[in-house]
Amino acid sequence: MQDIDALQSEILAAIEAADSLDALENLRVAELGKKGRISGLMKGLGGMSPEERKTAGPALNGLKNTIGDAIQTAKDTLENAALDARLAAETIDISLPVPPEQRGTLHPISQVLDEITEIFADMGFTVAEGPDIEEDFYNFTALNIPPEHPARQMHDTFYFNEDENGDRKVLRTHTSPVQVRTMEKNKPPLRIIAPGRTYRSDSDQTHTPMFHQVEGLVIDEKTHMGHLKGCLDTFCRAFFEVDNVKMRFRPSYFPFTEPSAEMDIGCTRQDGELRIGEGDDWLEILGCGMVNPRVLEHAGIDSTKYQGFAFGIGIDRLAMLKYGIPDLRAFFESDLRWLRNYGFRTLDIPTLGQGLSGGTV
Ligand code: DAH
């Protein structure tokens, strides 16, 4: 027993003296390892008489546990100290100003989205949202595009695999499904915009598989096409920051509106420069129309009492136009040089009072 106590004191002193994780590990191997001293003593138990073993067994086990615990505690202490040292060495002084070449900027899509939201909020619209992974019903059927309808082919849809009921979800091809979801959940009068991501299997200079739209929907008892025109005229003048925008409505076809139109704005193209609002050229920027009564009925709204208009605008297209960005694909390549060139100052929130696009870097 005397020996074991002495041995314990000796090893504990060595553990206390160990000043690195390596030194501790060497100690552990030397004492508790397969060929270690304590393990050797434990092996000796087999050759003892039962009497001797009765006292030596528990004493040796006690020694083994005490030393094992002491090594673990010392290890934890050393590891914590190492972590503290590392954390102290890796601190960043966030009060230092960021050098201009490392400063982040707001993506033009985010900027344009903020501008659009600001303009429509000023006209009393609230923002609605829907899922990117959409049910076939909301993306198509409820919008008066039943299965086999030719309009489905215009959408280059990304389909998911069929589920056990034979239903397929889709990546929404437009923001129009949010119209239906909003009408299902809320009672008219309604006045919402629904900005968000949309997806189609298409890619060239002016198309990317993921792009952005903003949907607009106004429903009440008396809203008519004149309100639609007034609303879009106000939007275009505010967005392009010009006093007058030449607009024209061309008859068009969308299954979810009746009548339907596409809206062009006047522009000039000279020496590669595009000027919005004047000139003899036209540029298509959105689709719109009076909500088809069938869509109202699909969403549970009485179409004999309520009516309204809807529109869908391509956000990326607007950003390209307003900020003179020639290739849509570059929007999503995350090239830092591009982001620095076309990005916006992050803290300049667009407001109608102070000018929407004051924050260009
Ligand atoms: N959803 C249409 C598209 O992506 C755009 C659109 C057209 C939306 C007319 C509307 C609308 O709300 O009334 O091509």
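The model shown is predicted, which means the values in this text are computed figures rather than measured ones.

Chemist: Talk me through the nonpolar core; I want residue IDs and the actual numbers.
Modeler: Counting residues in hydrophobic clusters, the biggest one holds 44 residues, and the most contacted among them are I116, F120, F235, I265, I285 and F311. Put simply, the parts of the chain that give this core at least two residues each are α5 (108-122), β6 (210-220), α8 (225-240), β8 (257-270), β10 (281-291), β11 (307-314) and α10 (315-323). Leave out the neighbours within four places in its chain, and I116 touches V214, F235, F239, I315 and L318. Among the nonpolar cores identified, the runner-up in size contains 25 residues, and I145, A151, V178 and L190 belong to it.

Chemist: Can you lay out the sheet that holds strand β2 (residues 133-135) for me, pointing to particular residues and giving the numbers?
Modeler: Pairing is antiparallel across the open sheet formed by three strands, whose spatial order is β2-β4-β3. Every other strand in the sheet has two partners, leaving β2 and β3 (159-162) as the edge strands with one partner each. For this sheet, the mean inter-axis angle between neighbouring strands, taken without regard to orientation, is 30°.

Chemist: I'd like to hear about the packing of aromatic side chains, residue by residue, with values.
Modeler: The full count for this structure, using the stated rule, is twelve aromatic pairs. On the numbers, 5.1 Å between centres and 70° between planes, the contact of F120 with F125 is edge-to-face. Note on accessibility: F120 and F125 belong to one class, buried. Judged by centre distance (4.8 Å) and plane angle (70°), the ring pair of Y323 and F344 falls under edge-to-face. Of this pair, Y323 sits in helix α10 while F344 sits in the segment after α11 (336-342), and the two are 21 residues apart along the sequence. What links up through ring pairs into an aromatic cluster is the set F120, F125, F235, F239, F240, F309 and F311. Positioned above the aromatic ring of F239, the side-chain terminus of K322 is 4.5 Å from the ring centre.

Chemist: Could you give an account of the environment of L352, with specific residues and numbers?
Modeler: In this fold, L352 is placed in the segment after α11. L352 sits in the partly exposed class, given a relative accessible area of 32%. Residues L352 and F160, spaced 192 residues apart in sequence, show a C-alpha to C-alpha distance of 42 Å. Leaving out residues up to four positions away in the same chain, L352 has contacts with E118, I119, D122 and A238.

Chemist: How would you explain the pairing of β3 if you had to name every residue and give the values?
Modeler: Across two bridges, the pairing between β3 and strand β4 (residues 168-171) is antiparallel. Across the sheet, the residue bridging to E162 is R168, located in β4. If you look at the hairpin formed by β3 and β4, you'll find five residues sitting between the two strands, and G166 has a positive phi there, around 85°.

Chemist: Tell me what's going on with the site of the ligand, and back it up with residues and numbers.
Modeler: The immediate surroundings of the ligand are formed by 15 residues, with H174, S176, R200, Q213 and E215 found nearest. Measuring from an oxygen atom of the ligand, one finds a side-chain N or O atom of Q213 at 2.9 Å. In this structure, F311 approaches the ligand through a main-chain N or O atom, which is 3.3 Å from an oxygen atom. When isolated, the ligand has an accessible area of 360 Å², and the protein chains bury 91% of it. Elements represented by at least two residues in the shell around the ligand include exactly β6, β10 and β11.

Chemist: Just give me the short version of helix α4 (residues 50-89), but keep the residues and values in it.
Modeler: With 40 residues, α4 extends 58 Å from end C-alpha to end C-alpha; this agrees with the ideal 58 Å at 1.5 Å per step. Roughly 30° is the biggest bend found in α4, and it falls at A56, with proline P58 one to four residues downstream. By the burial criterion, the buried members of α4 are A56, G57, A59, L60, L63, I67, A70, I71 and A74.

Chemist: Explain the packing of helix α2 (residues 21-32) against helix α3 (residues 37-44) residue by residue, including any values.
Modeler: Packing of α2 against α3 brings their axes to within 3 Å, and their N-to-C directions diverge by 15°. As the angle between them shows, α2 and α3 are arranged roughly parallel. Residues A30, E31 and L32 of α2 form the contact with α3, whose own contacting residues are R37, I38 and S39. Residue classes in the contact of α2 with α3 are distributed as three nonpolar, one polar and two charged.

Each value, and the rule that gives it
- Residues numbered from 1 in each chain as written.
- Predicted model: local features only at pLDDT ≥ 70, side-chain atom pairs only at ≥ 80, totals over all residues.
- Heavy atoms only, no water.
- Core = buried A, V, L, I, M, F, W, Y, C linked by side-chain atoms within 4.5 Å.
- Buried < 20%, exposed > 50% of the residue type's maximum accessible area, 1.4 Å probe, protein only.
- Helix = DSSP H or I, 4+ residues; strand = E, 2+ residues; numbered from the N terminus.
- Contact = heavy atoms within 4.5 Å.
- Pairing = 2+ DSSP bridges.
- Axes fitted to C-alpha atoms, helices over the stretch in contact; angles between N-to-C directions.
- Phe/Tyr/Trp six-rings, centres within 6.5 Å; stacked < 30°, edge-to-face > 60°.
- Lys NZ or Arg CZ within 6 Å of the ring centre and 35° of its normal.
- Near = heavy atom within 4 Å.
- Polar contact = N/O pair within 3.5 Å; in protein donor to acceptor, adjacent residues only side chain to side chain.
- Areas by Shrake-Rupley, 256 points an atom, 1.4 Å probe, with all protein chains shown as cover.
- Expected span 1.5 Å × (residues − 1).
- Bend = angle between axes of the 7 residues up to and from the residue.
- Parallel < 35°, antiparallel > 145°, perpendicular 65-115°, else oblique.
- Nonpolar A, V, L, I, M, F, W, Y, C, P; charged D, E, K, R; others polar.

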